[in-house]
Each structure stands twice: as C-alpha cells, then as structure tokens.
Amino acid sequence: MNIKITKLALVVAASLSANAFANIEYPLMPGDPLVDQQWHLKNTGQAAFSDRGGKAGEDMNVSLAHAMGIMGAGVTAAVIDGGVEVQHPDLIDNARPGSWNFTTNSPDLAPGSPTDRHGTAVAGIIASSAFNGIGGRGVAPRAGLVGFNYLVSGNQTTANWLQSHGMYSDGFARQSFDFPRVFNQSYGRTLSSPRSFDYEESPWLKTYEDAQEEITRTTHGGRGAIFVKSAGNGYERQTFTHSELGRGYLWFDNKNHGLPLQNVNLERMDTSFWNLVASAYNADGELSSYSTVGSSVFVSAPGGQYGTTSPAIITTDVSGCSAGYNPLWLRNDLHGGHPLDPNCDYSARSNGTSAAAPNVAGAIAVIMSANPALSWLDVRNILATTSRRIDADHPGVALSFKDSEGKQVSYQAIDKWQTNAAGYQFHNFFGFGAVDVDAAVNLARFYDKNLGEFVKTDRVLVTADAEIPDGHLSGAQSTFNNEQTLTVDAVQIRVNIDHTSTRDLAIELISPSGTRSVVMTPRTGTILGKSGMQNTQMLSHHFYGEQAKGEWTLRVIDTASEDEAYIFDPRTSGEPNVNMVHRNNTENGVLKSWDIRFFGRK
C-alpha cells in the first residue's frame with residue numbers, strides 16, 4: 001500500500017457512519033519490516049517464521065483503527081512482570097516516567113539477566129512503536145509504557161504488589177496524564193486443588209481486591225483503569241511434586257477426557273471481578289492447546305502455539321543474539337540473525353496466555369484513545385458487545401461416564417456457544433469472544449450508552465445441607481431468591497462442600513432467566529483435590545446484561561463412580577513414566593452452604 005491509499009483510507013474512514021465500515025477489510029500500513037508476519041495483527045495465513053501458517057482472518061483486526069491514527073496515544077499501560085528493556089529501540093519512544101526496579105530500588109528496569117525476557121516481550125505486544133523502519137509493531141503503538149519487575153525472585157512482597165498495581169505513595173499521581181489506565185498481569189499459578197477465599201484466613205486477598213477496586217473506580221477523574229490478567233496455561237498438564245518421585249508433569253488418561261486439567265476459577269485472583277481475564281487462541285482460530293478456561297474468562301486474544309510447527313507471537317526481545325529467545329534451543333527461523341532482524345532484537349516464540357493478556361491490554365489502550373471520556377465500565381461493555389464469536393461451531397465438551405448404577409451417561413461439561421437472556425454470546429473457552437479492535441473502536445467513537453450506577457452487593461449466605469449422590473447426574477440443588485433489581489455484570493459465589501474428591505464435581509449456576517453457567521468443570525485439578533471446598537470462590541460473566549431479580553439455582557453433580565489412571569512423568573531426562581491409579585471415592589458428598597453476590601448496574 002502506498003501513501004496515497006493511506007490518505008484515502010483516512011478520508012473515507014472519517015466520513016463513514018458508525019455502522020458503515022465495521023466489516024470493511026483494510027491491509028496493515030507498511031513501515032515495520034516484521035509487521036507482515038505479525039499474524040495476530042493481520043492474519044493472511046503467513047507462517048510467522050514457523051513451519052506453517054494459520055487461517056486468514058483470525059486476528060485482532062486492527063487495520064482500520066491504525067489507518068485512522070487511533071493507536072493508544074494518551075493512554076499508559078503498566079507491565080507488571082520481570083525486567084523490561086525500556087531502552088529497546090522499538091520501546092524507548094513510548095517509555096513514560098513511573099517504572100520501578102524493586103531489586104535495585106531505581107527506575108532502571110533493565111532485565112537482570114539474558115534470560116529475563118518475558119517482560120520485554122509483553123511490553124512489545126502492547127506498544128512497540130510503529131512506522132520506524134525496525135521490527136514489528138504493537139497493538140497500541142503510540143501508548144505509553146511503564147514497568148515493574150514484581151515477578152523477579154525476591155520482589156514479590158505485598159508492598160511491591162501494591163506499588164506495581166497502582167497504589168503509589170503519591171496519591172495525586174493517580175490523576176496524572178501518565179498514570180496507567182491499563183495494567184497487564186501476565187502471571188498466575190496452576191493449582192491442583194481448590195483454595196479457600198477467606199479474608200480472615202488470607203487477609204492479603206482483601207488487600208489486593210480493595211486496591212484494585214480503588215484504582216479501577218477512582219483514578220483519572222473517575223474514568224478509572226482496567227486490570228488485565230492472563231488465564232493461565234494449564235489446560236493439558238500440570239507440574240506436580242511427588243514425595244518420592246520428585247517434580248514432574250502429571251497427565252491423565254484420555255487427555256483428561258478432553259476437559260481442562262486447570263479451571264480458571266481455581267486461581268483465586270482470577271475469580272476477582274476487578275481482573276479482566278483473557279484466554280488464548282491460535283493462528284487457526286481455535287483455543288490454544290495450553291490455555292486455561294472457565295466462566296471467569298472475559299475475552300480471548302492471540303497467544304498462538306509454540307512458534308515451531310505453527311505460529312507464536314512476534315514481538316520485542318532482549319537485545320542481542322545471545323539473550324532472550326535467541327539461544328539455539330529456543331530458535332525458529334527468525335532467530336540467530338535474520339536479515340529482517342540482524343541484531344536479534346525480536347522473537348517469534350512468545351506465546352501463552354502471557355501473550356494473550358497484553359494483546360487485550362493493547363486493545364483497551366486503543367479503545368480508550370478512540371474516546372478518552374470512556375469509563376472503565378464503558379470499555380468492558382464495549383468489549384462484551386463487539387468481541388466476535390470465534391470457532392463458532394465448537395461443540396463444547398461432553399463427559400461420558402458410568403454412573404453409580406452402571407449406566408453410561410453423558411454430562412455437558414462445557415457448553416457450545418450460548419446466547420444468554422440479554423442477547424450476549426458466551427463460551428467458557430473464549431468468554432464473550434475474540435477481541436475485535438476495529439469493531440470496538442467503531443462503537444467507542446460513537447458511544448452514547450448510559451450504563452447506570454455501578455453496584456456491588458453484599459454476600460448472601462444460603463444454607464443447603466443437600467446430599468450429593470456419588471456418580472449420579474441428579475446431583476444436589478439449592479436455590480436463592482434475589483429481590484434486588486439489578487442488571488448483571490458478573491456473579492460471584494463461594495461454596496462449602498464436604499467431598500473426598502473434588503475432581504469428580506461439576507458446579508453449575510442457573511439464572512432466573514434459565515441461563516446455565518458451569519462455574520467449575522469436572523475433572524479439574526488432580527488427585528490432591530480430596531479435602532472438599534471451604535469458601536471456594538468462583539466468578540461467571542455468563543449472565544452479563546441479564547436481570548438479577550428472581551430465583552438463582554446452584555447444582556453440584558458428582559460425575560465419577562470408577563477409578564481413573566494417571567501418569568507421573570518426571571522432568572529428569574531418561575526416567576520412565578510412572579503409571580498410577582486414582583481410587584474413586586464411593587461416599588456421597590454434601591453441599592453444606594454457599595453465598596452469592598452480584599456486580600452490576602441500576
């Protein structure tokens with residue numbers, strides 16, 4: 001594309017109505033040598049230096065927004081990660097004051113070692129510069145960047161967490177131009193069993209939630225900020241430590257029945273309303289093989305695969321051919337001194353939900369720059385409204401098992417795409433779908449919706465004392481009649497369950513409108529999940545836009561009546577796999593109680 005076409009695109013775009021250009025295809029503007037291979041920005045089926053390409057059109061759809069000059073200007077994104085090479089030639093122009101190195105107590109955020117590469121890759125996905133003749137570009141190539149090396153060993157204190165998440169000592173900084181409006185958290189844990197979400201037992205949970213709520217709702221003159229978080233990479237396998245065999249990977253037979261070994265609702269901070277959780281899809285337009293999923297996922301974005309047989313994400317890397325992703329054992333065709341990257345300043349191996357989250361963060365920066373008056377609540381609404389249904393024909397996942405009577409039965413553990421009573425489409429793999437930047441910007445520019453007053457209700461305790469039959473679809477059921485009139489953004493529950501194998505359990509929440517959300521999939525976690533659930537918290541966005549008033553139903557179903565095999569695969573090279581058996585419990589469980597609260601608007 002030449003400069004005349006670029007000017008024409010700007011003139012035409014400026015004259016079009018709010019709905020006229022939503023489906024028009026534009027090429028990416030040139031100016032960065034690697035941009036033609038950045039499939040996550042514009043997927044044409046290119047290989048991105050791997051063995052093969054993906055499916056054209058499965059991308060962030062940023063072309064028109066970039067052609068219009070809407071690229072994140074005036075919005076700063078915080079990268080909460082390891083070191084970030086902010087002096088990188090493709091990042092330095094977007095660096096803003098405010099970065100902090102907790103190791104050296106200085107603003108110099110340079111990576112502490114050649115392998116401290118993660119933060120630099122994340123920063124580049126968000127906001128590497130455009131049209132400078134080097135590398136590729138970010139989703140928001142004119143957004144500002146600050147960073148905090150909170151993830152470096154020794155830096156993970158509560159004080160450092162608070163500072164990196166916006167609780168600066170100078171309160172006035174929260175209203176400043178460069179104070180972040182987007183915080184990217186490409187980190188998390190892969191847990192093997194449920195944890196308690198209890199403020200008395202773990203007071204840091206309340207500290208973190210209160211801080212994120214304050215930053216979300218009060219900064220930037222009340223327009224607020226958004227925290228983006230990666231869903232995790234635990235769909236297929238988990239690291240596991242055995243008392244005799246050591247550390248290794250745990251695998252279940254039948255690939256865990258096609259179900260995620262990790263559900264996003266096991267990670268406690270992913271059940272916080274204040275974290276906008278992102279899952280990952282690949283260049284074929286399907287869920288990335290590793291991506292953790294569940295009802296608290298809000299949207300999905302490119303994470304790719306591993307950059308060898310199929311594409312990963314091309315982004316900035318720690319400079320030099322002996323640093324970052326460039327060492328031989330991590331290479332693909334870009335690495336080691338390619339003519340398009342002679343100084344080895346870029347990588348084509350960034351992946352994971354660690355890559356999906358900054359793609360979402362960059363998209364949010366672009367949306368905010370399209371209309372700076374938007375509030376945090378408006379931006380979430382725009383994403384829920386404009387994200388596209390990806391892998392539209394995916395059937396979900398049905399679990400077949402023999403019940404306690406010996407009959408073969410089927411349980412729909414993950415639904416196909418569902419449309420709720422408010423007209424929003426949702427899938428536990430993708431949330432509201434794949435972020436579509438051009439569609440979101442289109443809505444943002446002409447946005448005039450009054451969402452109403454935001455409300456967070458108190459928790460209401462429901463006593464159930466309902467027996468959970470072993471290995472039977474009948475399950476246990478408990479209801480709560482909500483009398484408050486409210487438009488739902490999200491629903492949060494906590495459950496108290498006596499059960500000797502939580503891996504067997506499926507947990508559903510059903511709205512007054514009849515929308516069913518599987519908030520905990522069966523076969524989640526490992527053999528460690530034997531202690532039941534105590535105040536275990538789960539979040540669902542499935543009911544977005546529905547009315548909260550009416551009867552809500554909680555169902556808990558035991559989906560196993562037989563033993564199952566699993567494999568312990570030690571990491572030490574040469575050791576054989578160790579086959580084990582998980583003995584099925586035969587006792588009935590008890591749904592003792594649960595509580596519920598709503599986030600929404602009136």
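Residues numbered from 1 in each chain as written. Predicted model: local features only at pLDDT ≥ 70, side-chain atom pairs only at ≥ 80, totals over all residues. Heavy atoms only, no water.

Tell me about the overall build of the protein chain, and please be specific about residues and values.
When helices and strands are tallied, the protein chain shows nine helices and 25 strands. Put simply, the protein chain has 602 residues, and 61% of those count as buried. Taking as baseline every contact in the protein chain between residues at least 6 positions apart, the subset at least 24 positions apart corresponds to 77%. As presented, the protein chain carries roughly 21,800 Å² of accessible surface, and 49% of it is formed by carbon and sulfur atoms. Of the side chains in the protein chain, 46 bear a positive and 61 a negative charge, and the two mean positions are spaced by 3 Å. (Helix = DSSP H or I, 4+ residues; strand = E, 2+ residues; numbered from the N terminus. Buried < 20%, exposed > 50% of the residue type's maximum accessible area, 1.4 Å probe, protein only. Contact = heavy atoms within 4.5 Å. Areas by Shrake-Rupley, 256 points an atom, 1.4 Å probe, with all protein chains shown as cover. Lys, Arg positive; Asp, Glu negative; His and termini not counted. Charge placed at Lys NZ, Arg CZ, Asp CG, Glu CD.)

Requested: an account of the pairing of strand S5 (residues 238-242), with residues and values cited.
Across five bridges, the pairing between S5 and strand S6 (residues 246-252) is antiparallel. Pairing of glutamine 238 across the sheet is with leucine 250, part of S6. Counting the residues in the hairpin turn of S5 and S6 gives three residues. (Pairing = 2+ DSSP bridges.)

Explain the UniProt feature "active site" (unreviewed entry) in the protein chain to me, and be specific about the residues and the numbers.
As recorded in UniProt, the sites labelled "active site" (unreviewed entry) are Asp81, His118 and Ser354. For the residues just named, distributed over 274 residues, the greatest C-alpha separation is only 10.0 Å, placing them together at one site. Its location among the elements puts histidine 118 in helix H3 (residues 118-127). Discounting residues that sit within four places of it in the chain, histidine 118 has contacts with Asp81, Ser186 and Ser354. By secondary structure assignment, the location of serine 354 is in helix H7 (residues 353-370). (UniProt positions renumbered as here; feature names shortened; annotations may be inferred.)

So, H3: which residues are in play, and what are the values?
In terms of burial, H3 is a largely internal element, nine of the ten residues being buried. Listed as buried for H3 are Gly119, Thr120, Ala121, Val122, Ala123, Gly124, Ile125, Ile126 and Ala127. Against strand S1 (76-80), strand S2 (144-148), strand S3 (182-185), strand S9 (313-316), strand S10 (346-350) and H7 lie the buried residues of H3.

So what about the domain arrangement of the protein chain? Which residues, and what values?
What the domain assignment lists for the protein chain is domain 1 (35-232 + 267-389 + 435-445) and domain 2 (454-601). Domain 1 and domain 2 are separated by 30 Å when their C-alpha centres are compared. Counting residues at the interface gives 25 residues for domain 1, matched by 29 residues for domain 2. If you look at where domain 1 meets domain 2, you find two salt bridges. Ionic pairing is found between glutamate 213 and lysine 456, a salt bridge with its closest N-O pair at 2.9 Å. Sorting the residues of the side of domain 1 that touches domain 2 by element identifies helix H5 (203-218), strand S8 (297-302) and helix H8 (376-386) as the ones contributing at least two each. Counting residues per element, the side of domain 1 that touches domain 2 draws most heavily on H8, which supplies five residues. A class-by-class count of the residues in the side of domain 1 that touches domain 2 yields ten nonpolar, eight polar and seven charged. (Domains from an automatic or database assignment. Salt bridge = Lys/Arg side-chain N within 4 Å of Asp/Glu carboxyl O. Nonpolar A, V, L, I, M, F, W, Y, C, P; charged D, E, K, R; others polar.)

So what's going on with the packing of aromatic side chains? Residues and values would help.
Counted according to the given criterion, the structure contains 28 aromatic pairs. On the numbers, 5.0 Å between centres and 80° between planes, the contact of phenylalanine 273 with tryptophan 274 is edge-to-face. Both residues of the pair, phenylalanine 273 and tryptophan 274, belong to the buried class. Through successive ring pairs, a cluster of aromatic residues spans Phe102, Phe148, Tyr168, Phe179, Phe183 and Phe227. The ring centre of tyrosine 325 lies 4.8 Å from the NZ or CZ of arginine 117, which sits over that ring. A cation sits over an aromatic face here: lysine 206 above tyrosine 199, 5.5 Å from the ring centre. (Phe/Tyr/Trp six-rings, centres within 6.5 Å; stacked < 30°, edge-to-face > 60°. Lys NZ or Arg CZ within 6 Å of the ring centre and 35° of its normal.)

Can you break down the nonpolar core residue by residue, with the values?
Of all hydrophobic cores here, the largest spans 70 residues; its most connected members are Val360, Ile364, Leu383 and Val437. A per-element tally of this core places H7 first, with eleven residues. Tyr235, Leu259, Ile390 and Phe429 belong to the second-largest nonpolar core, a separate cluster that totals 32 residues. (Core = buried A, V, L, I, M, F, W, Y, C linked by side-chain atoms within 4.5 Å.)

Residue-level account of H5, with values.
In a regular helix each residue adds 1.5 Å, so 16 residues correspond to 22 Å; H5 covers 23 Å between its end C-alpha atoms and thus fits that length. Residues of H5 that are buried include every one of Leu205, Tyr208, Glu209, Ala211, Gln212, Glu213, Ile215 and Thr216, and no others. Directly beyond the C-terminal end of H5, a positive phi value near 55° is found at histidine 220. (Expected span 1.5 Å × (residues − 1).)

Would you mind going over the sheet that holds S2 in detail, with residue names and values included?
Pairing is parallel in the open sheet, where six strands are placed in the order S2-S1-S3-S4-S7-S8. Of all strands in the sheet, those bounded by a partner on one side alone are S2 and S8. Here the strands of the sheet are splayed against their neighbours by 30° on average, with no regard to which way each runs. Pairing between S1 and S2: five bridges, direction parallel. Within the sheet, the bridge partner assigned to threonine 76 lies in S2 and is glycine 144. Packed on one face of the sheet, H5 meets S3, strand S4 (226-230) and strand S7 (275-281) and runs near 130° to S4. Of the strands in this sheet, S3, S4, S7 and S8 are in contact with H7, which crosses S4 at around 160°. (Axes fitted to C-alpha atoms, helices over the stretch in contact; angles between N-to-C directions.)

Now, about the environment of tyrosine 411: what can you tell me, with residues and values included?
Note that tyrosine 411 resides in strand S12 (residues 408-414). Looking at tyrosine 411, the relative accessible area reads 5%, which means it is buried.

Got a sec to walk through the environment of glutamate 587? Specific residues and values, please.
In this fold, glutamate 587 is placed in the loop between strand S24 (578-582) and strand S25 (589-601). We classify glutamate 587 as partly exposed; its relative accessible area is 45%. Placed 240 residues apart in sequence, glutamate 587 and serine 347 show a C-alpha to C-alpha distance of 52 Å. Sequence-distant contacts of glutamate 587, that is, excluding residues within four places in its chain, are made with Asp470 and Thr500.

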